[in-house]
Structures are given as C-alpha cells and as structure tokens.
Amino acid sequence: MSNEIEAIKDPGLPAHVHRQADTDPVAEKRAERQVAILFLISALGTVLFIFAYYFIPEDVFFFFPVLGNTNAHQLFLGLGLAMALFFIGAAAIHWAKTLMPDEEVIAMRHTLRSDDEDRDALVATVKERAGAAGLGRRSLIKRSMGLSLGLIGLSPLILLRDLGPLPGDDLTKTSWKAGTRLVTDPGDRPIRPEDLEVGAVAQVLPEHVGKERRHLSDIAKDAVLLIRLRPEEFQLSSERLSWTYDGIIAFSKICSHMGCAVALYEQTTKHLLCPCHQSTFDVPRAAKVIFGPSARALPQLAITVDSEGYLIAQKPFSEPVGPSFWERSS
Amino acid sequence: MTARERVAGTVANYVDERTGAAKWMKKNLTKVFPDHWSFLLGEIVLYSFIILLLSGTFLTFWYDPSQREVIYDGSYVPLQGLHMSAAYASTLHISFEIRGGMLMRQIHHWAALIFMAGMVVHLMRVYFTGAFRKPREFNWIIGVGLLTLGIVEGFLGYSLPDDLLSGTGIRIAEAIIQALPVVGSYLAFFAFGGAFPGEAFIPRIFTVHILLLPGIFLALITVHLMLVWYQKHTQWPGPGRTEKNVVGYPLMPAYMAKAGGFFFIVFGVTAFLGAVASINPIWLYGPYNPGQVSAGSQPDWYMGWLDGLVRMAPPLETYLFGYTISWNILIPGLIIPGILFTGLALYPFIESWITGDKREHHLLDRPRNVPNRTALGVMSLTFMLVALINGGNDIIATTFSLSINQVMWFSRIGIIILPPIAFVITKRICLSLQRADRELVLHGRETGRLLMLPHGEFVEVHEPISPELAWKLTAHEQAPALALEDVDARGVRRAGGLKNKLRKRMSQANAESIAKPTANDLKEIEHH
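This write-up is about the structure you can find in this document. Keep in mind that what you see is a predicted model, and the values were worked out from it rather than measured.

All names here are of chain A. In the structure shown here, the tally under the stated rule is one disulfide over all chains. The cysteine Cys255 is free of any disulfide, with Cys274 supplying the nearest cysteine sulfur at 3.9 Å. According to the relative accessible area criterion, Cys255 is buried, its value standing at 1%. Given a relative accessible area of 2%, Cys274 falls into the buried group.

Structure representation (structure tokens):
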C-alpha cells in the first residue's frame, strides 16, 4: 500500500428516485386534483376581495382575538387578496413538485476567462484603433479635452446652488428678543409666574405678531420649556440665577445633541430627558448634561416679568440653540 | 399539426425573424439551476422589490408630496381641524378614505421590511458560504451597494408621511448633515431649502424615493441578475457536483413554475401581513411639529443599529479656533458606518489576500469548514446586534423595568467586549463541528443499539454512513497557511515586513482546522 494520502471518493450523482405520481396513475390523478383545488381556492380569494370591496361597509369594526379591534372592510379585503395570491403560488409549486419532471441534470460550466487568442486580438485592436485616433500623439487635444471634461463636471454642481439660501446667521438667531413675551403653546396666551405651580412644566413660544401663522422653522428654534422649582433648589452661578424668575427657569426645548424636542421631565429627579437619544439634563444645575451623548447643556433663556406681570425674555439666547454645527464657537 | 401549434409557430416565427431570439431561448430554457432553500433568499428580495413598485405606484395616485399647510377635514375624527402638511393629510386620506388604501400602505411598508430583511439574510448566506469568491466579487459589491441604498430608500420612504415620528427622524438626519465639518450647515440649508424643516424637503425626497433610487435599483438588480445568469449559480458540494459542473433542474418547466409560484407566495404573505398586522399607524402620532416628540421614538430596524450607535456615543465635542467638531455625531453617524460598509465591500479582496487563493470557486463552503470567516461574520453580527439593542434601549428599559442608564452601559461595554467573545466561541464551535464530522465519517452513525460482548462489555453499534454523505463531509479543501518568509533566500529582510507579518499571522489563523478524514484513515480503521 502506498503512503500517499488518498481522499474519499466522489460516488457520483445518485440515481433518480421516481415519485409516486410518476409511476402510479391514481397518485397522478390525485396530484392533479390537488393542484386544481389550490387554484380554485385562489379564485375564491378574489371573490372575497371583490365582495369586501363593494359590500362590507368601511365603518364596521369587530373584536378579533390577537388583532384586537379590527376593521372588517380592510381585514377581508386584505385576506381575500392574500388568499388569491398565495394559492396561485401554492398551486404552481405543488404542480412543479408532483407532476413536472424532477430529474436532476448536469450542465457544464464554461470558463469565464477569454481565450488568449481573443485577448491578444482585443489588445491589438484597441492599440490599433486608439493609435489611429492618435490620442497618444496629439497632446494638445488630450490636454484641452481633459480640461473641458474636468470643467463640465462643475456645471451640475453649480446648478444645485439654488437648492437653498446660505445659512447666514440663521442658525445662531431665534425670535427671542429683549422684552418678548412668553406665550403658551398651544394657546398663544401670555403667561404669569403664578400660572405655574412648583414642579410644573410648560412649553412656551415667543409672542407672535402678524397675521401669518407661525412657521415650523421658527418653532424649531424658538420652543422653550419653563420649569418651576423652589428657588433654593437651584445650584446656579449668580449670573444664571439672575436669569431665572421666582424659581422659574427657561431652557431651549431643542436638544443640544440632534435637535429633538426634549420633552420628558422627571419631577422627582428634576431631570430633562430627550426621548431620541436619552441625553439627560439636570435642571437645577442649568441643564448640565449628566448622561447620554449630548456634549452641551441646553441653552438657558434669561427671563423676568414686565410691568403687567407677564413673563418676558430679558434678552435673546446668549448662544445658538439646537444641534452643533461647524461655525458654532463653543 | 394542430391549430394551436400553427398559431404558436406563426408567433414564434414573427418574433424570431425580428430578434433572432430562438437560438438564445433554445439554450436558456433548459438552463440548469441548483436547488437549495438558501438560494430562495435573494428571490424574496427581488419579489419584494416588484411588490414595492406595484404598491408604491398605487400610493402615488393619492399621495401629495407637499409641506403646504392645510387644515384636516377628513374622516379621522381626532385630527379634524388640526393644521398639518398636505403630505400628512393625503396619507390620512389614503388610509381612511381610499378603499384598499390602508391595505396598500401596509403592504408597501411590510414589503419594504421584507426587502431589507431579505437583503440582510441573503448577504449572510452569500458571506457564510463563501459565494462571494472569485468570480463573483462584482456581484458582492453591487449587493453591498443595494443594501446601502436600501437603507436610504427605506428611510426616505417612511419620512414621506410627515408625521411626528418621521419628522423627528428627518430632524436627526438634518443634525447629522449639519455636523459635517466645514460644509455641514451649507449642505443642510441646500438640502432643506433653508432652515429646518422648511417646505422643500418632502417634495425633494419624494422624487428621490420614487424616481432616482428605484431607477438605480432597477439598473443594479438587472446587472446583478445578468451576472448570476451568465456566471451560473453556485452549488453546494455533494455527490456528482464539482467546480466544473452545475447540477440541478432545468429552467423549463419546473424551475419556472417554482420561481413564478414563489413570487405569488411572497406577495400573498406580504398581503396577509398587510391585512392583519398594523404597521406605522401615522394617525396615532399626529402631524410633525419640531417642538413636540413622542416617547419611544425610534426608526425602523434597518436604521436602528445606527440610532443605537448614536445613542451610546460618548459626549465628545471639540471647540477649536471658533469652530465645532461634533465627535458624538460624526463617529457613530458617519465614521463607524463608513468603516463597516467599506470593510464589507472589500471583504472578498481581503480574504483572497489572506489566503492567497486566486482561483474560481463555484462550490460553496459549509460555514464550519471556514472557521475564521464564520467567526468574523458572527462577530460583526454581534456588533450590529448590540447596536440594534441599544437603538431600542428606551423600549427595553420600560419593558423589563430597567433603568435606561443600565441598558446604555450594557451596550457601551458590550459593543467592545462581546464581538471578540463571539469570534472565539464561534471559531471553537466550528472546529468542534469539524471534529464531529470527522468522527461521523470514521466511525459511522451512533445507532443507540447496545451490544453485550461475550465477556460482558457493552458497546454501542455504529453504522457506517453512506458514501454520498461521506463525500459531502469531506469534499472541502483544507489549504495550508501561506508560507511567507520574513527574509528572502539571501537572508535579507523583505520590504513591507509588518504587512507580511500580518498576512502570515492571519493566514495561519485562517488555516486552523481539524484534518478531514481520508480514505487512508478509513482503511486503517478497517484493519483494526
């Protein structure tokens, strides 16, 4: 016996095993009937679909286990369509599996690589054709062509310029100005300190003048949260403390991470939580980030009251609100 | 000749005289396709794409891609009288007033999820079985491109209704654009036609969603399928199957019937889901308002891993010379996904560099026989899974009464330590399975029958396995590691030493395996 390592041998394609329907005429008839029945179920599905479309009213709801309260029109329309489609597939596959030829055959693969002869001929042709065009020789044409093709790529880019205006100072400015009244959202009513109890939260917007409705783009920068604590609960610098009024502190509601509305306030811990990425801000410490991906505290709005006792902004936001951007300085 | 044959002949003649199709058809109607359930995964993707085109076209008949503000006066009572965009109002109209509209919306959304899931599972099939190897690298890259575009297309699609949830998603996308160094705020203003949200974005992404991206999909899918057709499908190793042949069923009639039937099955299942399983109930979310948000806001799952990465990012920003770089957005939102998808696209080339294997492969690998590749795949999946889990950290926290901080810290630590652990475990499992295969070939199947020998010893009777199975378990190649020397024949250190060392190290790890049984081993056992 030689010492050469001998692999286990390939026994070759196993012999074909006939199905019952191939040999037994009764089984063949049975399979044929089964396929026909499957097609008929599909036809019934279409009938159900048409019936549901025209005859089941759209406002009938009924309780269905698992699904809960279900609209009958929509449910039977969908079930009819699903039945009609599914059973066509089931019939075709059953037909293929029981009655169509199932003998495995062997086909040979062709090599993907071209013959050397063809490859050489191609290279020769390309060289000859390219040579005839004289691309290699005519460097003046080559360079000017490079220039023009390079430049023409700029036109579509330039054409896109009017997609939008330049940002300008839009990202750094909001509608809040010194003396702007805080109004409720929704409702647009001016708000007094006594409207807020200790522990309460309110969403406010700057008072809106003019007939036009407020733009969503303005809300996206102007939304502010008011939170009232006991004044002694604040742990603020004296400057920031002067931005509060009687325990009421105001923060931009637009998250300093990615701009979601920081909507969840937990009264017991005095934390503000952004539901998008869970940045958590500590309200008594000027909305300092205590957890999550945000790198900056929520901007604080300096507030006070006007002569009529309504809450107003002392001055605009001292920093841009919302997510960071390149031109932001801190 | 019957009348029917005459008509068919006339039609065929008419077409062939104008196209010469007969020659091509003759050859291709009997084209052989190997059969295996895992080859159906790509088909599911193709069929979902067709379902998406059909149901999506239906939806465009009523959808109004406009952020113009309207006052809702439709039949859904809770929202009556509210200001909202025409896009949102028309989506409500499709859902509540158009008969079958809700069904079609739900079919469209379900088909999109199946499309994406199908792509992911198809990719896993191709990866774990080594079907991406030469000559199929182009198709692998096209596939990675389709997956990437699919994520974008899905995101744009669920953004179109302009409800509170999807608007929040757009807000986050805007923040990612805005975070790009130097050009960020400009790009954001160009994309949105001004400040977020403006009135330009929905109409623009509508065009991209229904024209630009589907067009690219159609082109890429066509090339993808033409290459599959031309290169012929891969096949599993088995008796009679070699690198030179393809064993399976001819296209006509059985394969046509099965593939065509499978389209209807996929469509039927999608329609069933659309009928019974409510998805994206936008009427519950309300119209988008940047000052509001719903708790539990999260994207569809194929974006969820990305959101999970963003959630777990450390709070890092750099402020330099009056400019801001938001690492907390750039790293999870762009840099890590960029590395992941580039690595995915380049994987076939990396593997062939490690193994030095430049040959064509048409026989698939059983995942256990390539432990390193399999382990790397499971490691990547583990990474994605931890990211995805963190994408739902709020839901997990509320469902299992955990604190959000606990879930977040689990993910932050887990995403670093779990993938390598998964690698090691997977590799060990693969080697154990190889050992089990060896046992099975050499000693046969355990029958469970006990035999008492005359001297009282009990032994279990083993039955030899069939030659077909033995061949299947041993048909794979076990290539040795690359013999890379650090020094050349004259004892001079080679250039690129570190690269060489890395390649050598990886090649060695790659070659680690349990020796497959040979005929010699079998004979030796018979002698005992």
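From this point, things continue past the structure.
All names here are of chain A. Burial runs high along strand E6 (residues 224-228): five of the five residues are buried. Every second residue of E6 is oriented toward a common face, with Val224, Leu226 and Arg228 on one face and Leu225 and Ile227 on the other, all of them buried. In this structure, strand E5 (residues 201-206) lies alongside E6, joined through four bridges in antiparallel fashion. Opposite Ala202, over in E6, you have Leu226 as the bridge partner.

Another point: the interface of chain A and chain B. With 87 residues of chain A at the interface, the matching set in chain B holds 114 residues. Ranking the residues of chain A by area buried against chain B places Ile8, Arg109 and Trp326 of chain A at the top, with a combined share of 12%. Applying the counting rule to chain A against chain B returns four salt bridges. Note that Glu317 of chain B is salt-bridged to Arg296 of chain A, the shortest N-O span being 3.4 Å. On the surface where chain A and chain B come into contact, there are 32 residue pairs in polar contact (both at pLDDT 80 or more). At the level of secondary structure, the elements contributing two or more residues to the side of chain A that touches chain B comprise helix H2 (25-55), helix H3 (72-98), strand E3 (105-108) and helix H7 (216-222) of chain A. Sort the elements by how many residues they give to the side of chain A that touches chain B and H3 of chain A lands first, with 17 residues.

Residue and element names in this part refer to chain A. Take Thr184: it is sitting in strand E4 (residues 182-184). Separated by 3.3 Å, the side chain of Thr184 and the backbone oxygen of Pro186 make a polar contact. Thr184 has contacts with Arg189, Ile191, Gln203 and Val204, leaving out every residue within four places of it along the chain.

What counts, and at which threshold
- Residues numbered from 1 in each chain as written.
- Chains lettered and ligands numbered in written order.
- Predicted model: local features only at pLDDT ≥ 70, side-chain atom pairs only at ≥ 80, totals over all residues.
- Heavy atoms only, no water.
- Disulfide = S-S within 2.5 Å.
- Buried < 20%, exposed > 50% of the residue type's maximum accessible area, 1.4 Å probe, protein only.
- Helix = DSSP H or I, 4+ residues; strand = E, 2+ residues; numbered from the N terminus.
- Pairing = 2+ DSSP bridges.
- Contact = heavy atoms within 4.5 Å.
- Buried area = accessible area lost by both parts, 1.4 Å probe.
- Salt bridge = Lys/Arg side-chain N within 4 Å of Asp/Glu carboxyl O.
- Polar contact = N/O pair within 3.5 Å; in protein donor to acceptor, adjacent residues only side chain to side chain.

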